[in-house]
Amino acid sequence: MAELHHECGIAAVYHFDSPTPARLAPSAGPEQVSRLMPRLLLDLQNRGQLAAGFSTFNPKRDKLLDTYRQIGTVIEAFRLNHQAKYDSIMKEYAGRAAIGHVRYATCGQNDRSYAQPFERHHGCKWKWFSVAFNGQLANFTELRDALLTLADYHLTRNLDTEVIMHYLSYELRKDDRPDLVQVFRNLSKRFDGAYNLVYLNAMGDMAIVRDPKGFRPLCYAQDGPLFAAASESVALTNLGFQSIQSLEPGEMIVIQDNMMRIERFAPKQTPAHCFFEWIYFANVASTLDERSVYLSRARLGKALALQEHSLGRVPLDDDTIVVPVPDTGKAAADAMAYELGVPSVEGLMRNRYVGRTFIEGNNRADRVRVKYTPLREVLAGKRVLLIEDTIVRSTTLKSLLHHLRERGGAKEIHVRVACPPIIAPCFYGIDMSTVRELFAPRFMHGARITEEEQQAMARELGADSLYYLPLEAVAEAVGLPEDRLCRACLTGKYPTPTGDKLYQLALMNRNNGNSNGRTYELPTSVSVNGD
């Protein structure tokens, strides 16, 4: 749904020294391989549209490491629609290595100072570095407070990335060139949560790091002397790479002295891949941890069809149509309609050219009216099976149902959700940090949703009926065992210690009538070690 947003995407590109340029290198040559970064970031735009930037390494310029970042989409930030200005940026920041970032903010302001990567200047080349981050540190508060107890530390932004930058700086404090594997091994003992990182220093050393639980996806590929990594495989596929692999949780890629190696920086443990990546966040063309996003969503649609047959609530005749909520509900809707033998039609058209900043400047009803257009020619007099990928806060969906009836003329609207109910917050990089803001917990009184509770939800939303998929459908659709997925927002069972403690705090805040979003604080009686 439009109510749910991710926190960022990352990418990296590196051209090794070679007698001949890589097949996929830009026409400008290896020394300007940084020109590939905007293309990588364009394919990660679904993960963040508020800001974009990159840091590049070039040993032939005074600024060995230099960073460009700007608010806006990738097209806006890198001036892709203005050839002269784009060429000027690419020329000024040309390098044979680069890391990049697209941002969606779950916290912090929407201004240029919050755009990534973050660069830390230093006279010593291995202490001069840039870093970009995808995820969220569950124990951010403890890490931040530990820094602020030190008299010489100051934070200019209440942001995970700045905290990570300071902890990295501390690990690099010695006079000898650091062992990057040991640096991130030490950090893994302090960090609790989701933290995919790309790192580049002024010696040209690069690191690509995936946290020990593997919450967020991270993949890489090499073609001759060209290496690249990205949050999603589609970015590498569209660049021309053919053999793309997922980085294992707790592993990192190190590039030093013109060589690449993969190292384990944290002990192996059961992963906790975020299931939302497959059913909502990731580009439908991506493959994450060897599981296709499209096929996962199609399997959810088949599960909806089986459930619909067993319910027998909606006649499957010429007056019934399946309509996806664009765009992430389409794969599930098409598969469901095929199994049911009814048409899947685009009764809702989404305006893809309305900027997010403009939309968020209006009230909820205005946003829905601007963003979605019901097609009366398709919907009028029809019985609509509306396929939604998930329901978080319900405010957008409620307004959307109203427009489907009033503007679209739908006779009946039956909401089918290709996901179980969300009952708990996420502390690993999705912008839902309180229980009070969630829709389902207002109606549910047990671990499993009942028929009566779903009927009450339908009445609240203004739907003729509403049904969710059961909990077990998620793992079956993704094709991974339940214990290898993070489903904390569906079960209230978190894969890290701090997640559990923050959930108990969230329940306390709900019961006490408090709702403070990302600024949640642990009670002083709670000790968090981040292990």
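Above: the structure in question.
No experiment lies behind these values; they were computed from the predicted model shown.

Chemist: Just checking my understanding: could you explain the packing of helix α4 (residues 140-148) against helix α5 (residues 160-171) for this structure?
Modeler: If you want to describe how two helices pack, look at the angle between their axes and the distance between the axes. The geometry of α4 relative to α5 is characterised by a closest axis approach of 10 Å and an angle of 50 degrees between their N-to-C directions. Taken together, the axis directions place α4 and α5 in an arrangement best described as oblique. At the point where α4 passes α5, the crossing takes the left-handed sense. Here Phe140, Leu143, Arg144, Ala146 and Leu147 of α4 lie close against α5, whose contacting residues are Asp160, Val163, His166 and Tyr167. Across the contact of α4 with α5, the residue classes tally to six nonpolar, one polar and two charged.

Chemist: Even after reading the chapter, I still don't get the environment of Arg407, so can you show me in this structure?
Modeler: Along the chain, Arg407 falls in the loop between α14 (395-406) and β21 (412-417). On the basis of relative accessibility, which here comes to 24%, the residue Arg407 falls in the partly exposed class. When the C-alpha atoms of Arg407 and Arg369 are compared, they prove to be 9.9 Å apart, with 38 residues separating the residues in sequence. Residues in contact with Arg407, not counting those within four places in the same chain, are Arg369, Tyr372, Thr373, Pro374 and Arg376.

Chemist: When you look at the packing of helix α9 (residues 293-311) against helix α10 (residues 330-340) in this model, what are you seeing that I'm missing?
Modeler: Closest axis-to-axis distance for the α9/α10 pair is 7 Å, and the angle between their directions is 40 degrees. Of the possible angle classes, the one that applies to α9 and α10 is oblique. For the pair α9 and α10, the sense of crossing is right-handed. Contacts from Tyr294, Arg297, Ala298, Gly301, Lys302, Leu304, Ala305, Glu308 and His309 of α9 reach α10 at Ala331, Ala332, Ala335, Met336, Glu339 and Leu340. Split into classes, the residues belonging to the contact of α9 with α10 amount to nine nonpolar, two polar and four charged.

Chemist: It is not clear to me how the sheet that holds strand β12 (residues 251-256) should be interpreted in this structure. Could you clarify?
Modeler: Backbone-to-backbone hydrogen bonds pair the strands of a sheet. The strands run either parallel or antiparallel. Spatially, β5-β6-β7-β8-β12-β13 is the arrangement adopted by the six strands of the open sheet, whose pairing is antiparallel. Each having just a single partner strand, β5 (118-120) and β13 (259-264) make up the two edges of the open sheet. Averaged over all neighbouring strand pairs, the angle between strand axes comes to 20 degrees, with direction disregarded. Bridge count for β5 against strand β6 (residues 129-137) is three bridges, and the pairing is antiparallel. The partner of Phe118 across the bridge, within β6, is Val131. Packed onto the sheet, helix α6 (residues 180-188) meets β7 (193-201), β8 (206-209), β12 and β13 and runs at close to 150 degrees relative to β12.

Chemist: Got a minute to help me understand the packing of aromatic side chains in this structure?
Modeler: Two measures describe an aromatic ring pair: the distance that separates the ring centres and the angle between the ring planes. Taken as a whole and judged by the stated rule, the model has 19 aromatic pairs. Ring geometry for Phe184 and Tyr199: centres 6.0 Å apart, planes at 85 degrees, overall edge-to-face. Taken as a pair, Phe184 in helix α6 and Tyr199 in strand β7 lie far apart in primary sequence, 15 residues in all. For Tyr199, a relative accessible area of 0% gives the class buried. Through pairs of rings, three or more aromatic residues link up here, namely Phe215, Phe427, Tyr428, Tyr494 and Tyr503.

What counts as what
Residues numbered from 1 in each chain as written. Predicted model: local features only at pLDDT ≥ 70, side-chain atom pairs only at ≥ 80, totals over all residues. Heavy atoms only, no water. Axes fitted to C-alpha atoms, helices over the stretch in contact; angles between N-to-C directions. Helix = DSSP H or I, 4+ residues; strand = E, 2+ residues; numbered from the N terminus. Parallel < 35°, antiparallel > 145°, perpendicular 65-115°, else oblique. Left-handed = near helix turned anticlockwise from the far one by under 90°. Contact = heavy atoms within 4.5 Å. Nonpolar A, V, L, I, M, F, W, Y, C, P; charged D, E, K, R; others polar. Buried < 20%, exposed > 50% of the residue type's maximum accessible area, 1.4 Å probe, protein only. Pairing = 2+ DSSP bridges. Phe/Tyr/Trp six-rings, centres within 6.5 Å; stacked < 30°, edge-to-face > 60°.

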